[in-house]
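Okay, here's what each chain looks like letter by letter:
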Amino acid sequence: MERTTVAVIGLGYIGLPTAAVLATHGADVIGVDVNDKIVEAVNRGEVPFVEPDLSTSVAGAVKQGRLRAESKTPEADVYIVAVPTPFAEGHAPDLSYIDAATDGLAGQLRGDVLVILESTSPPGTTQHMADRILARRPDLSLDGSLGRPRIHVAHCPERVLPGRIMIELVTNDRIVGGLTRMAAEKAKVVYETFCKGEIMLTDAITAEMAKLVENSYRDVNIAFANELSIISAKLGIDVIELIELANHHPRVNILQPGPGVGGHCIAVDPWFIVSAAPEEARLIRMAREVNDSQPEHVIGRVVAMASRFKEPRIAALGLAFKPDIDDLRESPACLIVERLAQELPGAQIAAVEPNVTSLPRELSRFDNVVLTDFEEGVLAADIVVLLVDHAMFKAADKRRLRLREKVVIDTRGAWRWR
Ligand code: SAJ
């Protein structure tokens, strides 16, 4: 039997793992990326970011000749688009990457080809993509009308958790939404090659919304926890203990408060719903605003404590957007350290992030911020602010770090020792 050729457009956190898993499950995969450095790295069998087990998978697939990367979209049987969907000014979705990927593949299409959009997208984007293809390729159709060859267009949102991508790609259930039923069924066949979870079929707009709703659900729940942390601070209550107790109720499951919500999914996707239904999405918008204001509360607490010291030495623990990853993008911890560096020019800030070897540009421009080893930073500090609950911080010997002698602001409830 002939092997299916799959072109995966966008070799980022989702595209590259998907390309690798398809290649190791029987497809011939060509990864496409506009960044030449990524293309070259993949062709050498290397991975340009940290994700457990991905390196082995990419290296193996490239070595066996099942995976290669190119900068131009080739001819293929299946296209999977996994490019970013950021938001623009005023939180309106920015579809420029999807449009560019669509334009890149439109010229290569022939009859019976399947196009799958995996990028998290505002409702209606899959239809928008098909309309854009057909505007360029009036010789094709979605339904075979006027004897024009059909193309099949579907949406299959990714739902994997960074840090567990290679496991969750295989084990998670997947939603496949087709612009036509046949498109959904054809996409299901592609995912069945590697996905052991249930594959559920629906229409494209419901699949788009399902993904946005999942992340909004989490955002609203985190906002609830963050609001409780502020109320608890006002009332002199330990919010971690409060949530732990409330969660003993069989139908209550409050998430954890923190310094804000980071990453490029949960802090972004709810805005796509707000943008599609601005009048109606009141709670979803409010949750975003609550979570976005959370870093300010942390900054306020640290600045208030810093006023007790002439030249405060602050250890900021963690820069990543969540535990045990090296991803600093849209990280509330980075934002907090940046603002502290501005607001406290007389302070020395030891930024501790065991998962990186250099500071990001927004922090390296400050003389008073230095990337520092964990123990060294904490031992020298007057104030210790825990921003990310990395395993290394949680497991630390608090007595050895002399934490009782310091002002400790634990935004994650990682150190329950008082
Ligand atoms: N956070 C809290 N409190 C919590 C849980 C998380 O403050 O109780 C914060 C984290 O510290 C982080 C942010 O929220 O800053 C997001 O982290 P996360 O682990 O909740 O989620 P992501 O962004 O890494 O991945 C999410 C996942 N979505 C859901 O769990 C519903 C993942 O399954 C999606 O595939 C991913 O978004 C995506 O790509 O959309």
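Rules behind the numbers
Residues numbered from 1 in each chain as written. Predicted model: local features only at pLDDT ≥ 70, side-chain atom pairs only at ≥ 80, totals over all residues. Heavy atoms only, no water. Helix = DSSP H or I, 4+ residues; strand = E, 2+ residues; numbered from the N terminus. Rg over C-alpha atoms; globule rule 2.2 N^0.38 Å. Buried < 20%, exposed > 50% of the residue type's maximum accessible area, 1.4 Å probe, protein only. Contact = heavy atoms within 4.5 Å. Areas by Shrake-Rupley, 256 points an atom, 1.4 Å probe, with all protein chains shown as cover. Pairing = 2+ DSSP bridges. Axes fitted to C-alpha atoms, helices over the stretch in contact; angles between N-to-C directions. Domains from an automatic or database assignment. Salt bridge = Lys/Arg side-chain N within 4 Å of Asp/Glu carboxyl O. Polar contact = N/O pair within 3.5 Å; in protein donor to acceptor, adjacent residues only side chain to side chain. Nonpolar A, V, L, I, M, F, W, Y, C, P; charged D, E, K, R; others polar. Core = buried A, V, L, I, M, F, W, Y, C linked by side-chain atoms within 4.5 Å. Near = heavy atom within 4 Å.

Asker: Explain the overall build of the protein chain to me, please; I cannot follow it from the model alone.
Answerer: When helices and strands are counted, the protein chain shows 15 helices and 13 strands. In terms of overall dimensions, the protein chain is globule-like: its C-alpha atoms have a radius of gyration of 24 Å, near the 22 Å expected for 418 residues. When the 418 residues of the protein chain are sorted by exposure, 52% land in the buried category. The contacts of the protein chain with a sequence gap of at least 6 include a subset with a gap of at least 24, amounting to 71%. Working note: accessible area of the protein chain is about 19600 Å², and carbon and sulfur atoms make up 53% of it.

Asker: Just checking my understanding: could you explain the sheet that holds strand E12 (residues 383-386) for this structure?
Answerer: Pairing between sheet strands relies on hydrogen bonds along the backbone, with the strands arranged either parallel or antiparallel. Read across the open sheet, the five strands follow the order E11-E10-E9-E12-E13; overall the sheet is parallel. A single partner strand is all that each edge strand has here, and the edge strands are strand E11 (369-371) and strand E13 (407-410). On average, each strand axis in the sheet is inclined to that of its neighbour by 20 degrees, with strand direction left out of account. The sheet contacts of helix H11 (residues 282-306) involve strand E9 (313-317), E12 and E13, and relative to E12 the element is tilted by about 170 degrees. Its contacts with the sheet put helix H12 (residues 332-343) on E9, strand E10 (348-352) and E11, and the angle it makes with E10 is roughly 170 degrees.

Asker: Is there a simple way to think about the domain arrangement of the protein chain in this case?
Answerer: Size of an interface, as often reported, equals the accessible area lost when the parts are brought together. The domain boundaries assigned to the protein chain delineate domain 1 (5-197) and domain 2 (215-410). Opposite the 15 residues of domain 1 that make contact, domain 2 presents twelve residues. In this assembly, domain 1 and domain 2 are joined by zero salt bridges. Summed over the shared surface of domain 1 and domain 2, the number is zero residue pairs in polar contact (both at pLDDT 80 or more). Residues of the side of domain 1 that touches domain 2, tallied by class, amount to ten nonpolar, five polar and no charged.

Asker: What is the right way to look at the nonpolar core in this model?
Answerer: Grouped burial of nonpolar side chains is what soluble globular proteins tend to show. Core analysis: the biggest nonpolar cluster contains 44 residues, and Leu 22 and Leu 67 have the highest contact counts within it. It is helix H1 (residues 15-23) that provides the largest number of residues to this core, a total of six residues. If we skip the residues at most four places from it in the chain, Leu 67 touches Ala 19, Ala 20, Ala 23, Val 29, Gly 31, Val 42, Val 58, Ala 61 and Val 62. Residues Ile 314, Leu 319, Ala 333 and Val 388 belong to the second largest nonpolar core, which totals 32 residues.

Asker: Whenever I open this one, the site of the ligand confuses me. Can you help?
Answerer: Near the ligand, the surroundings consist of 21 residues, among which Glu 158, Val 160, Lys 211, Arg 218 and Phe 321 are the closest. Here an oxygen atom of the ligand and a side-chain polar atom of Asn 215 are 2.7 Å apart. Measuring from an oxygen atom of the ligand, one finds a backbone N or O atom of Gly 262 at 2.9 Å. A per-element tally of the shell around the ligand places helix H8 (residues 204-235) first, with five residues. Residues belonging to the shell around the ligand are distributed by class as follows: nine nonpolar, four polar and eight charged. Both of domain 1 (5-197) and domain 2 (215-410) provide at least three residues apiece to the shell around the ligand.

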